[in-house]
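Here are the chains, one letter per residue:
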Amino acid sequence: MKLYCLSGHPTLPCNVLKFKSTTIMLDCGLDMTSTLNFLPLPLVQSPRLSNLPGWSLKDGNAFLDKELKECSGHVFVDSVPEFCLPETELIDLSTVDVILISNYHCMMALPYITEHTGFSGTVYATEPTVQIGRLLMEELVNFIERVPKAQSASLWKNKDIQRLLPSPLKDAVEVSTWRRCYTMQEVNSALSKIQLVGYSQKIELFGAVQVTPLSSGYALGSSNWIIQSHYEKVSYVSGSSLLTTHPQPMDQASLKNSDVLILTGLTQIPTANPDGMVGEFCSNLALTVRNGGNVLVPCYPSGVIYDLLECLYQYIDSAGLSNIPFYFISPVANSSLEFSQIFAEWLCHNKQTKVYLPEPPFPHAELIQTNKLKHYPSLHGDFSSDFRQPCVVFTGHPSLRFGDVVHFMELWGKSSLNTVIFTEPDFSYLEALAPYQPLAMKCIYCPIDTRLNFIQVSKLLKEVQPLHVVCPEQYTQPPPAQSHRMDLMIDCQPPAMSYRRAEVLALPFKRRYEKIEIMPELADALVPMEIKPGISLATVSAVLHTKDNKHVLQPPPRPAQPTGGKKRKRASEDIPDCKVLKPLLSGSIPVEQFVQTLEKHGFSDIKVEDTAKGHIVLLQEAETLIQIEEDSTHIICDNDEMLRVRLRDLVLKFLQKF
Amino acid sequence: MPAGSSGTYHRRLCEGDGSVLPVGRRPVSAPLRVGPQGSRSGLPGTLRVSRGRRPCARPRRTRQVARSGVGPAAAEGRAAGISSLTMDPECSQLLPALCAVLADPRQPMADDTCLEKLLDWFKTITEAGSSLLLLQGNPCLVELLCHMLKPQDLSSRVLAFSLRLTGVLAAQEDCFQYLQQGELLPKLFGEAGPLGGAAWTSPTVRSGWIQGLRSLAQHPSALHFLADCGAVDTIFSLQEDSSLFVASAAGQLLVHILGLSMPGPAGGPPSLQAGDWPACAQKIVGHIEESLRATATPQITQALNVLTTTFGHCHDPWTQVLWVRLSPLVAGLLEKDPVPAAHSLVDLLLSVARSPGLSSSSCGLWETLAQTLSHLSPTQAGPLALGILKLQDCPQALRAQAFAVLLQPLACVLKATAQDPGPSGVLDGIVGDSMTADMLLPSKAACVGLLCRTLAHLELLLPLPQRPCPWPQAPLLGAAVTLLQLCGGSARPTSDAGRHLCALLLGCVRVQRAALDFLGTLSEGTGPRELVTQVFAVLLEYLRSPDSSPTVLKKAFQATFRWLLSSPKTPGCWDLDPHALLFLRDLLPVLQKRLCSPCWEVRDSGLEFLTQMTRHWGGQAGFRHALLASEVPKLTEQLLRDPESYVRASAVTAMGQLSSQGLCVPPAGPEHPGGQQSLLAELLHILSTDSEGFPRRAVMQVFTQWLRDSHADVAGDTEQFVAGVLQVASQDLDWEVRAQGLELALVFLEQTLGQPRSHCPCAVTPAVAAPVGPLAQALQPLCRVRLFEFAFRALFDCDRPVAQKSCDLLLFLRAKTASSGSLQESRSSPHVASVEAALQRWQAGDQAQPLGDLEPEVVLAVLRSLDLEGLQGALAESSDHVEKSPQSLLQDMLATVGVLGGNEADCY
């Protein structure tokens with residue numbers, strides 16, 4: 001069993017598992033942190049951004065000044081943002097049989113895989129994953145396509161030139177493989193290859209393995225996967241949560257007894273407790289708004305935003321914020337808010353029961369009804385006429401490089417009354433803010449990541465007891481900035497095996513058994529003999545048939561009647577030679593009784609010696625030695641075949657034959 | 001008594017006008033027949049109890065129902081004692097029927113608290129008079145006891161009761177002899193009694209047996225009896241009883257018997273020879289010795305517990321002899337590994353050390369204590385060390401050893417985080433103790449438990465006069481700060497042990513709370529400047545951290561306040577020192593954020609902290625400047641409309657305090673003319689409309705304080721203010737608001753009559769000078785604000801504390817006016833009569849009719865006609881005093897089984 005690791009990002013995994021002649025891709029996350037190296041895409045012409053000075057080398061050489069711009073000491077690529085794709089060279093991706101998607105954040109690279117690698121398999125995902133994943137992709141494509149940028153920088157990617165650039169551009173990995181965003185057409189084509197699955201549904205892959213999605217508790221429709229054969233079980237845990245938020249709780253029990261557990265997608269901010277962060281979010285929001293400032297929340301159109309809106313629903317009245325408008329701006333805002341309400345079966349129990357009341361599961365419906373929350377596809381249109389301040393705006397993209405958020409940053413950045421609150425943990429907020437410096441507005445970092453933290457992981461591992469744990473290398477040591485925090489790493493026995501980008505891992509896992517079916521008529525013909533109480537044996541003569549990874553024992557064809565040799569035997573009709581089999585023996589020889597029997601049969605002067613493995617019975621007169629061990633008995637005598645046969649028969653008397 | 005269980009007697013009283021009460025249970029006649037009514041659920045001083053209701057809203061209960069749940073009432077009866085000391089004829093008449101009921105297995109006594117009360121009553125009678133006469137006068141009692149001997153299916157409760165009653169009666173020697181003659185005692189307590197029967201399986205019976213013997217064992221005859229019937233052996237075996245109550249009572253009985261059999265203080269000098277001791281004592285001591293030699297820990301524990309109780313309760317000379325004899329055995333326990341029954345051993349050693357009967361030095365006690373300290377694990381040794389340090393006279397070396405044990409875990413923490421354990425030298429010698437390190441590091445539970453206990457012990461020790469000197473203030477401060485940093489994740493230990501400790505303690509709320517408490521207590525001492533800076537830094541870290549739990553945050557606020565209080569002051573200036581002011585500048589934005597927290601506990605703690613700070617430094621320029629520059633006053637004002645009532649209450653208090661100090665920022669803009677005025681209006685609005693009691697109570701407290709301090713808003717038109725507040729308060733459903741209204745009335749009254757307030761308002765001080773000016777004139781303002789109507793209404797309030805307070809107020813007023821004869825009595829005027837008639841109706845529960853405008857003369861006349869002293873006496877009685885007669889108890893018990901026949905017709 002081998003694991004090919006195509007992504008270096010622990011929360012945006014992309015791995016390929018080769019297991020029992022199947023090739024399974026586990027997630028295809030897209031690392032978007034590469035976009036932080038680019039200048040933001042403003043919705044309207046920004047004089048500030050367009051007047052940024054070009055960057056020139058130390059020696060004054062300014063040949064890159066068209067591609068690279070300098071802002072507050074940082075250098076940015078002035079081009080359409082590009083994304084860092086999973087490795088495509090490590091394994092031929094056209095051989096991938098299936099792709100299993102665990103949640104909508106982990107499928108963003110799907111069009112690159114399905115459309116450009118010759119992939120011809122099937123993708124499996126739950127319905128909410130597909131629908132919300134589609135929304136995320138749609139939003140991404142929309143954000144980038146609506147502000148077309150003529151310039152595409154490529155000069156800086158030249159390895160010799162990249163070396164000369166300042167950090168972090170200098171250290172960016174595999175920039176040559178960075179790609180521009182896919183198109184909507186590619187998105188649609190990729191999504192059409194997805195087959196929808198439900199939790200606990202068992203999907204057979206070529207008869208070799210069975211894959212099953214389980215609820216992972218992290219997001220709507222998010223799943224962990226079990227990949228199992230009859231005797232082996234691999235669990236793939238990706239983006240799971242034990243907190244009670246909106247999705248269905250995590251199914252832990254089904255992960256038990258795994259031979260290998262691949263663990264990815266833990267919380268990116270293990271030191272921040274989501275509850276504390278939500279409190280912080282609310283407090284800072286109230287403080288800003290009460291002082292007459294606006295609050296900007298860069299976010300994805302689905303996920304944590306549902307929980308934030310629910311918290312605010314409870315909080316705004318107590319904080320006296322009932323009159324403050326909340327705006328949610330995204331090309332997919334409407335679909336996201338509505339979708340969340342219809343995926344009842346994927347929600348936690350509390351919310352499911354609301355559906356039968358009938359009541360919308362999420363309270364944002366009420367916020368919308370009472371006009372406290374308004375949503376718009378973009379800044380243009382209705383929003384500009386409804387817009388009043390102070391207000392709270394939820395909008396994307398959390399990288400601050402594209403989307404409506406860019407406009408609000410430009411608009412509100414100059415006033416210290418306003419606050420930007422970062423809740424998405426995927427991007428470093430300082431890097432996200434870099435092209436907006438100097439900035440007067442307050443910045444609050446409240447990353448809310450509900451995925452498992454290390455304490456929860458260690459409890460989970462104790463409970464499900466996998467034989468081996470495999471995880472990204474980042475999880476096997478404390479974060480570099482907090483090297484003393486031994487609690488911020490996976491601690492398990494045996495130690496977890498780690499992987500990194502572009503690495504192939506041989507999993508410590510040997511196939512020992514196969515399940516074989518016996519045809520009924522063959523089984524009928526068996527005559528088991530009880531060897532020990534509870535254990536019966538029977539000898540079988542059969543033909544082993546293997547097809548589609550299933551093995552069947554069929555009755556051997558009857559010995560062919562001697563035909564006049566007119567027809568040539570076909571190869572397939574070859575029967576294995578059925579020799580007359582010697583009976584199989586079982587049991588053990590009780591030495592004392594054996595000696596008595598020997599004496600009865602006229603042997604005298606018998607000596608018994610104990611050896612490490614059994615006994616040696618010495619017939620001194622006959623100069624013969626009988627070596628009795630657990631699994632073998634040897635009669636050593638000098639060319640006296642008669643004696644040997646006699647002794648053999650005496651030995652055989654003590655054993656069972658079948 | 002659980003809150004809300006105000007007792008059934010009390011409920012019965014509230015049912016109506018008293019006419020429903022059966023004969024013999026009428027209230028003691030009080031002037032104006034005012035019954036002490038009302039809810040006991042809201043006792044004064046309990047701040048947050050559920051809101052009181054008027055009794056008319058209470059559902060009426062039938063007598064049967066009212067009597068069924070007498071659990072709390074029983075306790076009440078015991079606590080107060082039953083008044084009748086001898087058996088009156090009525091009771092004597094009821095007793096045979098009751099005994100018959102008790103003896104009848106077909107009529108089970110549903111409620112054994114009645115039996116407890118009955119037993120209490122018998123105890124009272126026997127303590128006051130002769131038990132023998134009681135038995136002879138009431139033969140039914142002996143019959144009842146004899147009845148217990150018959151083989152029958154008796155309830156275990158009645159059997160236990162009988163055993164205990166027998167013990168109570170036989171406590172007097174003549175009665176004991178009397179019962180002995182009839183062979184009753186051996187039959188009840190010997191093998192022939194329940195001891196050998198099936199009833200013995202019930203723990204109640206076993207407990208009754210022990211308690212019976214405990215009461216009985218009062219005289220030498222009893223000792224012989226115990227020896228004869230072999231009771232002591234049974235008690236030995238009962239020490240291992242499956243019921244903890246029985247086992248514990250057995251141990252105590254042994255202690256009692258030992259004390260009884262040993263010579264008292266008047267006896268001759270004790271002898272060390274066991275042969276000289278009474279047989280009974282020899283047997284018990286022998287048993288203890290045997291247990292101490294045993295290998296099973298439970299047996300050793302029992303022996304140690306018996307000894308602990310003995311040395312704790314008896315300080316006669318023989319105890320010293322006993323200790324000298326047993327101490328080698330006790331010391332022998334220390335040689336075992338692990339030390340068995342360590343907790344009990346610690347208790348015993350401390351009990352011995354505290355016993356005034358023992359001269360510790362001669363008994364080798366100090367050596368044993370020192371030995372024990374070094375043998376026990378740090379967890380077990382902590383309580384012993386604390387106990388030793390609390391002892392008054394104790395060798396310095398032992399104290400030093402004990403203190404070192406106590407400090408060990410903290411020294412370990414300092415070492416693990418590679419810090420200097422301090423120059424004082426106190427922690428120097430113990431840092432290398434590997435045992436503590438082993439204790440600290442293996443598991444989270446052990447580590448957290450040990451640290452919390454250590455911190456709690458040190459916190460207890462700090463304020464004591466005998467605390468160790470020199471006190472290692474700096475290392476302890478360092479340890480507390482380090483612990484908090486470890487828990488908060490800001491510590492950066494470099495050693496493996498430190499990292500491990502960090503992983504164990506991270507986010508541990510228990511240690512955080514204990515360390516913050518301890519840090520707060522340490523504020524009473526001083527520390528090096530850099531450490532104090534660290535203290536403030538870690539406090540700020542906790543106040544800032546989004547992960548601080550509400551309870552941790554509250555404690556962080558408390559500790560911060562204490563440290564601010566202790567910060568060095570410039571002589572002659574009460575303002576905060578420059579460092580504290582700098583800290584305040586960092587603190588206020590945090591407080592600001594906390595006041596916006598979604599968690600109400602956090603908002604509440606924040607407001608309480610603000611109130612405390614304002615109270616202390618509200619007048620100081622530095623503080624005022626910082627506070628006014630922040631958003632805090634504005635946010636506090638907004639919290640007056642918080643959805644959570646506790647927060648509203650705290651906001652009211654905070655705003656009251658801010659306003660008193662002139663720290664309320666008047667809202668800018670033409671729509672708010674005069675911010676202060678609007679606060680008064682807002683508070684009045686809360687008082688009259690808030691649905692919860694806490695904010696209304698808080699408003700009343702603020703108003704009372706404002707009136708007392710002559711707050712500018714109040715001083716403008718005090719009468720209008722008082723009249724308005726009293727009017728609203730009198731309508732309030734919460735008794736605490738009404739009681740607070742009386743407090744406000746009292747302040748106004750004192751201010752009007754021009755007298756400084758005496759500490760006890762009810763103290764009658766006729767010697768005080770008459771008020772300035774004519775009395776009538778002085779009373780006019782009181783009449784104008786309708787203070788008297790408010791007070792009279794409160795006098796008949798359904799809640800006793802309100803009535804009591806009103807009574808006190810009126811008594812105070814009457815005392816003030818008593819010396820003045822200038823006012824013409826107008827007792828006979830028709831107005832007085834009509835007021836008295838109205839008061840009669842009010843008392844009867846009909847308070848609809850107002851009194852109208854009262855003239856001072858009328859008020860004085862009514863005041864004098866009221867028997868306020870009598871009323872005060874009646875109110876001072878517990879609410880069930882009317883019902884608490886033995887006769888009533890007997891009737892109740894008979895009624896529950898239907899013997900009185902009053903309820904027979906109910907079935908049809």
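Reading the values: rules and limits
- Residues numbered from 1 in each chain as written.
- Chains lettered and ligands numbered in written order.
- Predicted model: local features only at pLDDT ≥ 70, side-chain atom pairs only at ≥ 80, totals over all residues.
- Heavy atoms only, no water.
- Helix = DSSP H or I, 4+ residues; strand = E, 2+ residues; numbered from the N terminus.
- Rg over C-alpha atoms; globule rule 2.2 N^0.38 Å.
- Contact = heavy atoms within 4.5 Å.
- Areas by Shrake-Rupley, 256 points an atom, 1.4 Å probe, with all protein chains shown as cover.
- Lys, Arg positive; Asp, Glu negative; His and termini not counted.
- Charge placed at Lys NZ, Arg CZ, Asp CG, Glu CD.
- Buried < 20%, exposed > 50% of the residue type's maximum accessible area, 1.4 Å probe, protein only.
- Phe/Tyr/Trp six-rings, centres within 6.5 Å; stacked < 30°, edge-to-face > 60°.
- Lys NZ or Arg CZ within 6 Å of the ring centre and 35° of its normal.
- Pairing = 2+ DSSP bridges.
- Axes fitted to C-alpha atoms, helices over the stretch in contact; angles between N-to-C directions.
- Salt bridge = Lys/Arg side-chain N within 4 Å of Asp/Glu carboxyl O.
- Expected span 1.5 Å × (residues − 1).
- Bend = angle between axes of the 7 residues up to and from the residue.
- Buried area = accessible area lost by both parts, 1.4 Å probe.
- Polar contact = N/O pair within 3.5 Å; in protein donor to acceptor, adjacent residues only side chain to side chain.
- Domains from an automatic or database assignment.
- Core = buried A, V, L, I, M, F, W, Y, C linked by side-chain atoms within 4.5 Å.
- UniProt positions renumbered as here; feature names shortened; annotations may be inferred.
- Parallel < 35°, antiparallel > 145°, perpendicular 65-115°, else oblique.
- Left-handed = near helix turned anticlockwise from the far one by under 90°.
- Disulfide = S-S within 2.5 Å.

Draft legend 1. Just the overall build of chain A, in detail. Across its full length, chain A carries 17 helices and 33 strands. Taking 26 Å as the expected radius of gyration for a compact globule of 658 residues, we find that chain A reaches 35 Å, considerably beyond that expectation. For the C-alpha atoms alone, the extent of chain A along its principal axes is close to 115 × 65 × 65 Å. If you take every contact in chain A between residues at least 6 apart in sequence, the share linking residues at least 24 apart comes to 70%. Summed over its atoms, the accessible surface of chain A is roughly 30900 Å², and 51% of this surface lies on carbon and sulfur atoms. Taking the average place of the 58 positive charges on the side chains of chain A and the average place of its 70 negative ones, the gap between the two points comes to 3 Å.

Draft legend 2. View of the overall build of chain B. Along chain B, the regular secondary structure elements total 45 helices and zero strands. When burial is assessed residue by residue, chain B has 54% of its 908 residues classed as buried. Counting contacts in chain B only where the partners sit at least 6 residues apart, residues at least 24 apart contribute 74% of the total. Carbon and sulfur atoms make up 55% of the accessible area of chain B, which amounts to about 37700 Å² in all.

Draft legend 3. Expanded view of the packing of aromatic side chains. In the structure shown here, the tally under the stated rule is 34 aromatic pairs over all chains. When the ring of Tyr199(A) is compared with that of Trp346(A), the centres are 4.8 Å apart and the planes differ by 75 degrees; the resulting orientation is edge-to-face. One end of the pair, Tyr199(A), is in the loop between strand S8 (194-197) and strand S9 (203-205); the other, Trp346(A), is in the loop between helix H8 (333-342) and helix H9 (349-355), with 147 residues separating them in the sequence. Taken individually, Tyr199(A) and Trp346(A) each receive the classification buried, so the pair is uniform in this respect. Members of the aromatic cluster, connected to one another through ring pairs, are Tyr327(A), Tyr376(A), Phe383(A), Phe387(A), Phe408(A) and Trp412(A). The ring centre of Phe362(A) lies 4.9 Å from the NZ or CZ of Lys351(A), which sits over that ring. Here Arg793(B) stacks its cationic end above the ring of Trp842(B), 4.4 Å away from the centre of that ring.

Draft legend 4. Looking closely at the sheet that holds strand S20 (residues 468-472) of chain A. All names here are of chain A. Strand order in the open sheet made by the seven strands is S9-S10-S11-S12-S13-S20-S21, with mixed pairing throughout. Of all strands in the sheet, those bounded by a partner on one side alone are S9 and strand S21 (497-499). Taken over all neighbouring pairs, the strand axes of this sheet differ in orientation by 20 degrees on average, direction set aside. With five bridges connecting them, strand S12 (residues 233-238) and strand S13 (residues 260-264) associate as parallel partners. Residue pairing for S13: tyrosine 236 is matched across the bridge by isoleucine 262.

Draft legend 5. Focus on the pattern of salt bridges. Residues and elements named next belong to chain A. Applying the stated criterion across every chain yields a total of 43 salt bridges over all chains. Put simply, arginine 501 and glutamate 87 hold a salt bridge, and the shortest N to O gap is 3.0 Å. Taken as a pair, arginine 501 in the loop between S21 and strand S22 (503-506) and glutamate 87 in the loop between strand S5 (74-77) and strand S6 (98-100) lie far apart in primary sequence, 414 residues in all. For arginine 501, a relative accessible area of 22% gives the class partly exposed. Given the relative accessible area of 9%, glutamate 87 is considered buried. Measuring nitrogen to oxygen at the nearest pair gives 3.0 Å for the salt bridge that ties arginine 451 to aspartate 449. Judged by relative accessible area, arginine 451 falls into the buried class, the value being 6%. Taken together, the salt bridges that share partners define one network made up of Glu87, Glu174 and Arg501.

Draft legend 6. Structural view of helix H12 (residues 220-228) of chain B. Looking at H12(B), one finds that the buried residues are Ser221(B), Ala222(B), Leu223(B), Phe225(B) and Leu226(B). Those residues of H12(B) that are buried are in contact with helix H9 (173-181), helix H10 (184-189), helix H11 (203-216), helix H13 (231-238), helix H14 (244-261) and helix H15 (279-293) of chain B.

Draft legend 7. Structural view of the environment of Leu349(B). Relative to the helices and strands, Leu349(B) resides in helix H18 (residues 342-354). Between the alpha carbons of Leu349(B) and Ser327(B) there is a distance of 9.7 Å; along the sequence they are 22 residues apart.

Draft legend 8. Local environment of the sheet that holds strand S31 (residues 624-629) of chain A. Residues and elements named next belong to chain A. The four strands lie next to each other as S29-S30-S31-S32, forming an open sheet whose pairing is antiparallel. Only two strands of the sheet have a single partner each, and these edge strands are strand S29 (606-610) and strand S32 (633-636). Averaged over all adjacent pairs, the angle separating strand axes in this sheet is 15 degrees, with direction ignored. In the sheet, strand S30 (residues 614-619) pairs with S31 via six bridges, with the strands oriented antiparallel. What sits directly across from valine 617, in S31, is isoleucine 626. Lying on the sheet, helix H17 (residues 641-653) is in contact with S30, S31 and S32; it crosses S32 at an angle near 155 degrees.

Draft legend 9. Representation of helix H17 (residues 317-333) of chain B in the model. All names here are of chain B. In this model H17 runs 25 Å from its N-terminal to its C-terminal C-alpha over 17 residues, within 8% of the 24 Å that 1.5 Å per residue would give. Along H17, the sharpest kink reaches roughly 45 degrees, centred on leucine 326 and followed within four residues by the proline proline 328. Of all the positions in H17, only Trp318, Thr319, Val321, Leu322, Trp323, Leu326, Ser327, Leu329, Val330, Ala331 and Leu333 are classed as buried. Those residues of H17 hidden inside the fold are in contact with H14, H15, helix H16 (297-313), H18 and helix H19 (365-375).

Draft legend 10. Representation of the environment of Ser130(B) in the model. All names here are of chain B. Considering the arrangement of structural elements, one finds serine 130 in the loop between helix H5 (112-128) and helix H6 (131-137). A residue is classified by how much of its surface remains accessible, and serine 130, at 26% relative accessible area, is partly exposed. Sequence separation between serine 130 and arginine 603 is 473 residues; the distance between their C-alpha atoms is 64 Å. Beyond its immediate sequence surroundings of up to four residues, serine 130 is in contact with Gln172 and Asp174.

Draft legend 11. Highlighting the interface of chain B and chain A. Each partner contributes to the interface: chain B provides 22 residues, whereas chain A provides 23 residues. In this assembly, chain B packs against chain A so that about 1900 Å² is buried in total across both faces, 56% of it on carbon and sulfur atoms. Lys593(B) is paired through a salt bridge with Glu280(A); the nearest N and O atoms lie 2.4 Å apart. Where chain B packs against chain A, one counts seven residue pairs in polar contact (both at pLDDT 80 or more).

Draft legend 12. Broad picture of the domain arrangement of chain A. You can read the domains of chain A as domain 1 (2-270 + 451-506), domain 2 (274-445) and domain 3 (585-657). Relative to domain 3 of chain A, the C-alpha centre of domain 2 of chain A lies at a distance of 88 Å.

Draft legend 13. View of the nonpolar core. If you look at the biggest cluster of nonpolar residues, it comprises 392 residues, and the most contacted ones within it are Phe394(A), Trp209(B), Leu292(B) and Phe792(B). Ranked by residue count, the leading element in this core is helix H38 (residues 735-753) of chain B, at eleven residues. Both domains that furnish three or more residues to this core are identified here as domain 1 (2-270 + 451-506) and domain 2 (274-445) of chain A. Contacts of Trp209(B), omitting those with residues within four sequence positions, involve Leu163(B), Leu188(B), Phe189(B), Leu195(B), Trp200(B), Ala231(B), Thr234(B), Ile235(B) and Leu238(B).

Draft legend 14. Summary view of the UniProt feature "domain: Beta-Casp" (unreviewed entry) in chain A. Annotation from UniProt places "domain: Beta-Casp" (unreviewed entry) at residues 305-433 of chain A. Across residues 305-433 of chain A, helical content stands at 43% and strand content at 12%; the span's end C-alpha atoms are separated by 21 Å.

Draft legend 15. The arrangement of the packing of helix H26 (residues 509-522) of chain B against helix H27 (residues 529-544) of chain B in detail. Residues and elements named next belong to chain B. For the pair H26 and H27, the least separation of the axes is 12 Å and the interaxial angle reads 140 degrees. Between H26 and H27, the angle is such that the two are oblique. In the crossing of H26 with H27, the sense of the turn from one axis to the other is left-handed. In contact with Gln512, Leu516 and Leu519 of H26, H27 contributes Val535, Val538, Leu539 and Tyr542.

Draft legend 16. Region of interest: the side chain of Glu424(A). By secondary structure assignment, the location of Glu424(A) is in the loop between strand S18 (419-422) and helix H13 (429-433). A polar contact of 3.2 Å, which involves the side chain of Glu424(A), links it to the backbone nitrogen of Tyr300(A).

Draft legend 17. Local environment of the state of the cysteines. Evaluated as defined, the whole model comprises zero disulfides over all chains. No disulfide involves Cys311(A); its sulfur sits 5.5 Å from the nearest other cysteine sulfur, which is in Cys282(A).

Draft legend 18. Inspection of the packing of H26(B) against helix H28 (residues 550-566) of chain B at higher detail. Residues and elements named next belong to chain B. Contact geometry for H26 and H28: axes closest at 8 Å, N-to-C directions at 15 degrees. On the basis of the axis angle, H26 is roughly parallel to H28. Along this stretch, H26 crosses H28, giving a crossing that reads as left-handed. Taking contact as the criterion, the partners of Val509, Gln512, Arg513, Leu516, Asp517, Leu519, Gly520, Thr521 and Leu522 in H26 are, on H28, Thr551, Val552, Lys555, Ala556, Ala559, Arg562 and Trp563.

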